[in-house]
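Overview (structure and organization)
One-letter residues, chain by chain:
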Amino acid sequence: MKRLCLVSILLISLSFSGRASHITGGEMYYTFVGLNNGIYQYNVTLKLFQRCGSGRQFNNPAIVSIFDKTNNSRIGDISVPINNITNISITNPDPCITNPPTVCYDVAYYTFSVSLPASAAGYVLASQVNYRINGINNLASGYNNIGATYTAEIPGTNTAVNGPDNNSAVFTGSDLVVVCANNNFNYSFAAQDADGDELRYSFCEAYESTAGGGGGAQPTYPPPFPGVPYEPPFSDMAPLGPVVQINSTTGLITGIAPPVGIYVVTVCVEEIRNGVVIARQRKDIQINIADCDIASASLLPEYLLCRNTQTITIANQSNSPLIVSTDWEFFDNTNTLIYSTSGLSATYTFPAIGLYTVKLIINRGQPCRDSTTALIRVFPGFVPDFSSTGICLSRPTLFTDNTTSVYGTPNSWSWDFGEPTTTIDISSLQNPSYTYPFLGIKNVRLIATDTRGCRDTISKNITIIDKPPIGLAFRDTLICVNDNLVLQASGTGNFSWTPPVNIINANTATPTVSPLTTTTYYVELDDNGCRNRDSVKVNVVSFVTLQAMADTIICRTDTIQLRVNSNGLQYAWTPASQFINATVKNPFAFTNNAMTNYQVTATIGGCSATDNIIVTTVPYPVVNAGTDFSICYNARAQLNGMTDGSSWQWAPASLVSNPNLLNPVSYPPRTTNYILTAFDTRGCPKPTSDTIRVTVLPKMRVSAGRDTSVIVNQPLQLTATGGINYDWIPATYLSAADISNPVSIFPNPATGIQYKVIVYSTQGCKDSAYINIKVFKTKPTIFVPTAFTPNNDGKNDLLRPIAVGISNIEYFNIYNRWGQLLFSTTINGQGWDGRINGVLQSTGTFVWTVKATDYTGEAYFQKGVVTLIR
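Residues numbered from 1 in each chain as written. Predicted model: local features only at pLDDT ≥ 70, side-chain atom pairs only at ≥ 80, totals over all residues. Heavy atoms only, no water.

Notes on the state of the cysteines
Chemically, a disulfide is nothing more than a covalent bond linking the sulfur atoms of two cysteines. Across all of its chains, the model carries 9 disulfides by this definition. There is a disulfide in this structure between Cys555 and Cys684, and the S-S distance comes to 1.9 Å. Every disulfide takes its handedness from the sign of the S-S torsion; for Cys555 and Cys684 that torsion is 105°, giving right-handed. Of this pair, Cys555 sits in strand β45 (residues 552–555) while Cys684 sits in the loop between β58 (672–679) and β59 (688–696), placing them 129 residues apart in sequence. Accessibility classification places Cys555 together with Cys684 in one group, the buried group. (Disulfide = S-S within 2.5 Å. Helix = DSSP H or I, 4+ residues; strand = E, 2+ residues; numbered from the N terminus. Buried < 20%, exposed > 50% of the residue type's maximum accessible area, 1.4 Å probe, protein only.)

Below you can see the structure in the form of structure tokens.
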């Protein structure tokens, strides 16, 4: 063990073996050895933690600096080598934890002795390391390479005569703790004190290193030591969030863990002797919160139904897949069971106000079983609220608690005044005041409680400004000489108006003034010494200026905006019934009268002026484009418009014979809207239009049937389509000429007979079609050529049957010389193009067969050969 004697200590520079980064925690403690000639002797231990397998090394040696707390002067710096390194780890993780993390630390111990005389204020021992682990979740984002400083305090004689005769509190809680994100957890920071001093625990600020990084161990700068930058909502007093708390008596940290990450937590333990705090020891550790689940019954310590409901829905905080059953039991304040249920959550409406207990049981009678209880406070009607007055910089802002409680009495208040530049903007008074040092929007938060245990939070924004705001109803106005005018201001504080000329109640927000000439009045607002100044200009006139627009002509039924040039403040128009608003300066009027005399009166207080505007109305020209009608496709139609206007025009002009005629001929290619627009010269400058719709009927789809061939005396059924009435020309050989389906019988052969059919639609439109008929003097037969040339020249490209006197073809087949079927059809005139699977065949001979039925019902069969020529 290294021993330090006397008061003056020299720094011994030693080499170092590695860079001390990725340090995960540390603490310092000591034992009192004895007193020799007024010198107190202590054995001191610096204990540092580092995660296993980090690949980094501890500083060796470490530097421990000693400061006298009387004036923070440096006593000396000690170079301390590592005395021992041990390894601690969890080797048998809890089977009720899903995905348990590895918990393993290398722990370095630096031990030395120091001898010091008594000091009035005592001593602080400090050692710094660079750096902590990067990426710590509760420290400000963007900050890396943040160091750490670990301290121990030796009491002075000011706090206790025997203060230097002290053994420091030593933390004894295990650091082999698994903490799972969003799960309940316990972490003990309990300590022991060999002197039997009372111990009190609290969260406190983690210290940053004071000297730059790199280069191994370095001496610590004198206190005060800088704190690490926390990332809101985390802070030194809430390093794991607001739902994690520390028991001030036992040092046990409990609550619901925050999300996965690394969090720095510092716990301070105060040594209290005879009611006086004599020293403060610290433990700083970075807790790894893992992505795991604990099969546990996990509830908040208590649940508050204090707002406006007596119904609770509650669920287990643990979502472990190892939980197979969940039971709930609710008890009243006499421990009588009032409700039980099973399921992932429970919902219950309490019958009355009071204190209740809920019990959660998981895995009853099975592995990983657990249970817990929580208190439920049912006292609806607790509403936190507050108001404030005073918003000026460097002046007190007064806060008034307006919290109400139906079943209790508000009994504590925790204020945060929202000043971001300090941490002491807090109060526990019911109605506090605070003086803001800077301008801006401040988010003020009040946490209030009542005698029933209810607790709630409310936040409001207030804006701190450098002068009180003044609201003015107007800043520039006009009055008539000898008129009285009430000035109107608003704000918080005392008002005073100047100059004191022709003014009544000058020390109010609403004085009455009656200046004889144009005057600017200045108002000053004083809010407890915070002042602001503004002004109102009162323009004084002896008459009203008013000049109305010239008389005008408008189209009848139109709305017109009447305009005047005036400095008046109020206006009255007549006849009022013809205005949308008869009290504005430039109103809109509407009239159907041939002529109207509008009168306007403009006033400024007691002054007024009157003028007139005559509005003459002229009717719009009358126009009628006619009644909508329909025409046949590709037909023309006569338009017949009427108007009393002096000129007119049809549109679209390109679809009429002459757009400037009232009755032009139209030739629309499709359904068209024709617009007739008329103008006149009687004074109405606007045209009038009317529209006629000419509907063009669809083109008729007329058919007389396909050209065909028959034999002499074979009846032929003709079929025409596309209308309702038909005329066949000529009527020769037809059974009827005025029907769609006459029968024809030809007594003589003919090379070609043509019939024309005229077809009429329901709308009276007509169109025509033709059919050509060949008449053969032969028996019923099917003609098949002996050769064809499929070369796409439009001649003999297909091998096809031509049936005469045949009613239907049963098949027409074509085979190659091996008997393979190449083509088949049942349709007269449909043929083969000489291709097999899209490939044109070479010159060759093919066999065809045909089977059919003639028009008399007799069977017909024929076969032959054909030559394909290429």
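So that's the structure; there's more coming.
A look at the pairing of strand β9 (residues 123–129)
In terms of burial, β9 is largely enclosed, as 7 of its 7 residues are buried. With burial as the criterion, each face of β9 is covered, one bearing Tyr123, Leu125, Ser127 and Val129 and the other bearing Val124, Ala126 and Gln128. Two strands pair when backbone bridges link them, and strand β4 (residues 62–68) and β9 are joined in this way by 4 bridges, in the antiparallel orientation. Counterpart to Asp68 in the pairing with β9 is Tyr123. Examined bridge by bridge, β9 and strand β10 (residues 148–154) share 7 bridges and lie antiparallel to one another. Within the sheet, the bridge partner assigned to Ser127 lies in β10 and is Tyr150. (Pairing = 2+ DSSP bridges.)

Focus on the environment of Thr520
Inspection of the secondary structure assignment puts Thr520 in strand β42 (residues 519–527). Here the alpha-carbon distance between Thr520 and Ile353, two residues 167 residues apart in the chain, equals 64 Å. Those residues in contact with Thr520 that lie beyond four places of it in its chain are Thr498, Pro499, Ser535, Val536 and Lys537. (Contact = heavy atoms within 4.5 Å.)

Observations regarding the environment of Gln128
Within the secondary structure, Gln128 sits in strand β9. With a relative accessible area of 4%, Gln128 lands in the buried category. For the pair Gln128 and Thr151, spaced 23 residues apart in sequence, the C-alpha separation works out to 8.8 Å. For Gln128, the contacting residues outside a window of four places in its chain are Ile63, Ala148, Thr149, Ser209, Thr210, Ala211, Gln218, Pro219 and Thr220. Engagement of the side chain of Gln128 in a polar contact is seen with the backbone nitrogen of Thr210, the distance being 2.7 Å. A distance of 3.4 Å separates the side chain of Gln128 from the backbone oxygen of Gln218, its partner in a polar contact. (Polar contact = N/O pair within 3.5 Å; in protein donor to acceptor, adjacent residues only side chain to side chain.)

Some remarks on the packing of aromatic side chains
Enumeration over the complete set of coordinates arrives at 30 aromatic pairs. Note on Phe579 and Tyr598: the rings are 5.3 Å apart at their centroids and 70° apart in plane angle, and the pair reads as edge-to-face. With a gap of 19 residues between them, Phe579 in the loop between β48 (570–574) and β49 (588–590) and Tyr598 in strand β50 (residues 595–604) connect regions that are remote in the sequence. Judged by its relative accessible area of 6%, Phe579 falls in the buried class. Each residue in the set Phe386, Phe399, Trp415, Phe417, Tyr434 and Tyr436 is aromatic and connected to the rest through ring pairs, giving one cluster. (Phe/Tyr/Trp six-rings, centres within 6.5 Å; stacked < 30°, edge-to-face > 60°.)

Side note on the sheet that holds strand β21 (residues 302–305)
Taken together, the 5 strands give an open sheet; going across it, the order is β21-β27-β26-β23-β24, and neighbouring strands pair in mixed fashion. Looking at strand neighbours, the two that pair on one side only are β21 and β24 (337–342), the edges of this open sheet. The mean inter-strand angle of the sheet, taken between neighbouring strand axes irrespective of direction, is 20°. (Axes fitted to C-alpha atoms, helices over the stretch in contact; angles between N-to-C directions.)

Re the sheet that holds strand β65 (residues 766–776)
The strand order across the open sheet formed by 4 strands is β60-β65-β64-β62, and the pairing between neighbours is mixed. For this open sheet the edge positions go to β60 (708–711) and β62 (725–729), each flanked by a neighbour on one side alone. Taking each pair of neighbouring strands and ignoring which way they run, the sheet shows an average axis angle of 30°. Two elements, β62 and strand β64 (residues 750–760), share 5 bridges in a ladder whose sense is antiparallel. Residue Trp728 lies in a different strand from β64, and its bridge partner there is Val757.

With respect to the nonpolar core
Of all hydrophobic cores here, the largest spans 36 residues; its most connected members are Tyr187, Ile253 and Val267. Counting residues per element, the ones that place at least two in this core are β8 (104–117), β12 (179–180), β13 (184–188), β15 (198–203), β18 (261–273) and β19 (276–290). Once residues within four sequence positions are removed from consideration, Ile253 is found in contact with Phe185, Asn186, Tyr187, Phe189, Phe203, Val244, Gln245, Ile246, Val265 and Val267. Ranked by size, the runner-up nonpolar core spans 28 residues in total, among them Val44, Phe58, Phe112 and Ala148. (Core = buried A, V, L, I, M, F, W, Y, C linked by side-chain atoms within 4.5 Å.)

Notes on the side chain of Asp680
Within the secondary structure layout, Asp680 lies in the loop between β58 and β59. Here Asp680 falls in the buried class, since its relative accessible area comes to 12%. Once residues within four sequence positions are removed from consideration, Asp680 is found in contact with Pro619, Pro621, Gly645 and Ser646.

A closer look at the confidence of the model for the chain
Of all residues in the chain, 97% have pLDDT values of 70 or greater, and the mean over the chain is 92. The least confident element of the chain is strand β1 (residues 2–4), whose mean pLDDT is 36; the most confident is strand β11 (residues 170–171), at 98. (pLDDT = per-residue confidence, 0-100.)

Examining the pattern of salt bridges
What the rule picks out here adds up to 23 salt bridges. Lys283 serves as the salt-bridge partner of Asp175, at 2.8 Å between the closest nitrogen and oxygen. With Asp175 in the loop between β11 and β12 and Lys283 in strand β19, this residue pair connects regions lying 108 residues apart in the sequence. Taken as a pair, Asp175 and Lys283 share a single burial class, namely buried. What emerges from the salt-bridge pattern is a single network uniting Asp195, Asp197 and Arg273. (Salt bridge = Lys/Arg side-chain N within 4 Å of Asp/Glu carboxyl O.)

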